[in-house]
Amino acid sequence: MRDFVTLDDLSNFEIEQIFRLADQMKEQTATWSGFCKGKILATLFFEPSTRTRLSFESAIGRLDGRALGFADPASSSIAKGETIADTARMVANYADLIAIRHNWAGSARVMAEYAQVPVINCGDGGHSHPTQGLIDLYTIVKRQGTIQKKTIGICGDLRYSRASHSLAIGVARFGGQLVHIAPSEFQMPEWVLTKLKYVYDAEPVEAGRISEVIGDLDVIYVNRLQAERLPPEIDPQSAQKAYQLNATIMEEAKLSSMIMHPLPRVNELAYELDSDPRAAYFEQSANGVPIRMALMVSLLGLEHLVLTKPPEQEIMEDLQQCGNPNCITSQEGYILSKSEVICSQPMVRVCAYCNELKD
Ligand code: NCD
């Protein structure tokens, strides 16, 4: 049984297979109906969502499966204090597949450890959003032909945006050049930079303003300020003014470039860009359905060509607690701390749940 908790759970080959399957699902949707007949997807959304939850429900519906779940945590027993582990063991009896979005980093990994059915991470706090990562990589390949050697600028709130973290790691894995564009207080977190350096040998360029680098970019990926995750000392009003993409700035961009955004947008992406042929964000959100169809069919083992080899990760139990207050191990006391060795020389260990660096 395979879960999809981070992009690390799939090899590059498997990701490419999923893209091929998504192509077929997009071109001949009717041929695939019936593939998940009798299968039930549970969508457990403890945080707000429009695209992710609806596209999962649309995807399972197009495969003739069914979805059950909730979008309001206040209506679930978590509101009574139920743990993720107990929720996992119970929901696994009601569904063949679980899609979870939750506000603590590492929560989807805990669900995967306790559920006896495949678990898909639909966003775990400010940590990662691997299905969005798959959709973003796929959309780049569709427009640009490849990721290798393309220059991909990720602009906005890189510190708290989980979609940016998954995208950066995916781009590095497929040989793209990363440019991280953000004011210093919103730059990529240390754990992402460490992983990029020690695991993928990637050296991102850092810039403070989009106008400094726009002419070099093949992909301009913007994301919103994650106001719900900002520490109290940061004023969202002034932070929001720090970056905005508009038609004037786009005059300096390559004609062959593309504009992406995981959506929802607030005011970092001007509406005047919607008619620019380089705008790819609605196409990106549309790709959510075939990608999620292909992923579910693969995780359920209904398509033989993908998911043949489990990933190899060196995980060890660790007495040292994770120092991240937003990590699930800091929130639910029954979870044993674990670390993952991402490099042995020099020794670099991270929390296996939220990936924050350990000493
Ligand atoms: C993203 C998310 O929830 O992280 N949205 C999405 O799933 N498309 C991005 C965001 O909320 O900013």
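Digging into the overall build of the chain
Scanning the chain for helices and strands turns up 13 helices and 13 strands. Its C-alpha radius of gyration of 20 Å places the chain within 12% of the 21 Å reference for a compact globule of 359 residues. Along the first, second and third principal axes, the C-alpha set of the chain runs to 55 × 50 × 40 Å. Here the chain holds 359 residues, and the buried ones make up 58% of them. Taking the contacts inside the chain whose residues are at least 6 apart along the sequence as the reference set, 71% of them involve residues at least 24 apart. Summed over all atoms, the accessible surface of the chain reaches about 15200 Å², with 49% contributed by carbon and sulfur. Counting 34 positive and 45 negative side-chain charges, the chain places the centres of these two groups 4 Å from one another.

A closer look at the pairing of strand E11 (residues 338-344)
Burial of E11 is extensive: six of the seven residues sit out of reach of the surface. Pairing between strand E10 (residues 315-317) and E11: three bridges, direction antiparallel. Across the sheet, the residue bridging to Ile 315 is Glu 340, located in E11. As defined by bridge partners, E11 adjoins strand E12 (residues 347-351) across five bridges and the pair is classed as antiparallel. Looking across to E12, one finds that Ser 344 is bridged to Met 347. From the end of E11 to the start of E12, which pair antiparallel, there are two residues.

Quick word on the domain arrangement of the chain
Taken domain by domain, the chain comprises domain 1 (7-129 + 287-299), domain 2 (132-282) and domain 3 (314-358). Interface area, domain 1 with domain 2, both sides summed: about 2300 Å², of which 55% is carbon and sulfur. In this structure, the connection of domain 1 to domain 2 is made through four salt bridges. Here Arg 229 ties to Glu 47 by a salt bridge, and the two come within 3.3 Å at their closest N and O atoms. Inspection of the region where domain 1 meets domain 2 yields 16 residue pairs in polar contact (both at pLDDT 80 or more).

Thoughts on unusual backbone geometry
Glycine aside, the phi torsion of most residues is negative, and most peptide linkages are trans. Of note, the bond from Leu 263 into Pro 264 is cis; its omega dihedral lies within 30 degrees of zero at 10 degrees. Turning to its location among the elements, Pro 264 is positioned in the loop between strand E9 (258-260) and helix H11 (281-286). For the bond from Gln 345 to Pro 346, the omega torsion is 0 degrees, close enough to zero to count as cis. With respect to the helices and strands, the residue Pro 346 is situated in the loop between E11 and E12. Even without being glycine, Lys 149 reaches a positive phi, approximately 70 degrees. Relative to the assigned elements, Lys 149 resides in the loop between helix H6 (130-144) and strand E5 (151-156). According to the relative accessible area criterion, Lys 149 is exposed, its value standing at 71%. Phi is positive for Leu 263, which is not a glycine, with a value near 65 degrees. By the element assignment, Leu 263 lies in the loop between E9 and H11.

Thoughts on the pattern of salt bridges
Across all of its chains, the model carries 16 salt bridges by this definition. Measuring nitrogen to oxygen at the nearest pair gives 2.9 Å for the salt bridge that ties Asp 318 to Arg 349. Pair noted here: Asp 318 is in the loop between E10 and helix H13 (328-331) and Arg 349 is in strand E12, with a separation of 31 residues, a long-range link. Both residues of the pair, Asp 318 and Arg 349, count as buried. When salt bridges that share partners are traced, they join Glu 47, Arg 162, Arg 224, Glu 228 and Arg 229 into one network.

A look at empty space enclosed by the protein
Within this structure, the stated rule accounts for two cavities of 30 Å³ or more. A volume near 80 Å³ is recorded for the largest cavity. Those elements giving two or more residues to the lining of the largest cavity turn out to be helix H7 (162-173) and helix H8 (190-198). For the lining of the largest cavity, the leading source of residues is H7, giving three residues. Of the residues in the lining of the largest cavity, the class split is three nonpolar, six polar and two charged. Two domains each donate at least three residues to the lining of the largest cavity, and these are domain 1 (7-129 + 287-299) and domain 2 (132-282). Volume-wise, the second largest cavity comes out at about 30 Å³.

So, the sheet that holds E11
Strands sit in the order E10-E11-E12-E13 across an open sheet of four strands; the sheet is antiparallel. A strand with exactly one partner marks an edge of an open sheet, and here the two such strands are E10 and strand E13 (357-358). Docked against the sheet, H8 engages E11, E12 and E13, running at close to 40 degrees with respect to E11.

Overview of the packing of aromatic side chains
Taken as a whole and judged by the stated rule, the model has five aromatic pairs. Aromatic side chains Phe 46 and Phe 70 sit 5.2 Å apart centroid to centroid with 80 degrees between the ring planes, which places their arrangement in the edge-to-face category. In this pair, Phe 46 sits in the loop between strand E1 (40-45) and helix H3 (51-62) while Phe 70 sits in strand E2 (residues 66-70), placing the two residues 24 residues apart along the sequence. A residue is classified by how much of its surface remains accessible, and Phe 46, at 9% relative accessible area, is buried. Residue classification places Phe 70 among the buried positions, given a relative accessible area of 17%. Between the aromatic rings of Tyr 281 and Phe 282, the centroid separation amounts to 5.3 Å while the plane-to-plane angle is 65 degrees, which identifies the pairing as edge-to-face. Tyr 281 sits in the buried class, given a relative accessible area of 1%. One cation-aromatic arrangement involves Arg 265 over Tyr 271; the distance from NZ or CZ to the ring centre is 3.7 Å.

So, how was this worked out
- Every chain's residues receive numbers from 1 upward, in the order its sequence appears when written.
- A pLDDT threshold of at least 70 governs which residues receive local features in this predicted model, and a stricter bar of 80 or more applies before side-chain atom pairs are shown or counted, although totals over entire chains, interfaces and linings include all residues.
- To obtain the side-chain values, all non-hydrogen atoms of the structure were used and water was disregarded.
- Numbering of helices and strands starts at the N terminus; helices are DSSP runs of H or I of at least 4 residues and strands are runs of E of at least 2.
- Here the globule rule is a power law, 2.2 Å times the number of residues to the power 0.38, and the radius of gyration is based on C-alpha atoms.
- The buried label applies to any residue whose accessible area, calculated with a 1.4 Å probe on protein chains only, is under 20% of its type's maximum; exposed applies above 50%, and partly exposed to all values in between.
- Note on contacts: a residue pair is in contact if any heavy atoms of the two residues lie within 4.5 Å.
- Note on areas: these come from Shrake-Rupley sampling with a 1.4 Å probe, and a residue is covered only by the protein chains present in the view.
- When charges are counted, Lys and Arg are positive and Asp and Glu negative, with His and the chain ends excluded.
- Every charge is mapped onto a representative atom, which is NZ of Lys, CZ of Arg, CG of Asp or CD of Glu.
- Whether two strands pair depends on DSSP finding at least two bridges between them.
- The split into domains, and so the bounds of each, comes from an automatic or database assignment of domains.
- The term buried area means the drop in 1.4 Å probe accessible area that two parts suffer when joined, counted for both and summed.
- We count a salt bridge whenever a side-chain nitrogen from Lys or Arg sits within 4 Å of a carboxyl oxygen from Asp or Glu.
- For the purposes of these results, a polar contact is taken to be a pair of N or O atoms within 3.5 Å, where, inside protein, one atom must be able to donate a hydrogen and its partner to accept one; residues adjacent in sequence count only when each atom of the pair is a side-chain atom.
- Cavity and pocket criteria rest on a 1 Å grid covering protein atoms alone: a 1.4 Å probe that fits but cannot get out defines a cavity, protein on both sides within 12 Å along at least 5 of 7 lines defines an open pocket, and an atom within 4 Å of a point defines a lining residue.
- Grid points are joined across faces, edges and corners, and a volume is the space filled by probe spheres set on the points.
- Any residue that is not Ala, Val, Leu, Ile, Met, Phe, Trp, Tyr, Cys, Pro, Asp, Glu, Lys or Arg is counted as polar, Gly included; the first ten are nonpolar and the last four charged.
- Axis geometry follows a simple rule: fit a line to the C-alpha atoms, using only the stretch in contact for helices, then measure angles between N-to-C directions, giving values from 0 to 180 degrees.
- Aromatic contacts are taken between Phe, Tyr and Trp rings whose centres are within 6.5 Å, Trp giving its six-membered ring; a plane angle under 30 degrees counts as stacked, one over 60 as edge-to-face, and the others as tilted.
- The criterion is that NZ of a Lys, or CZ of an Arg, lies within 6 Å of the ring centre and within 35 degrees of the ring normal, and then a charge sits over that ring.

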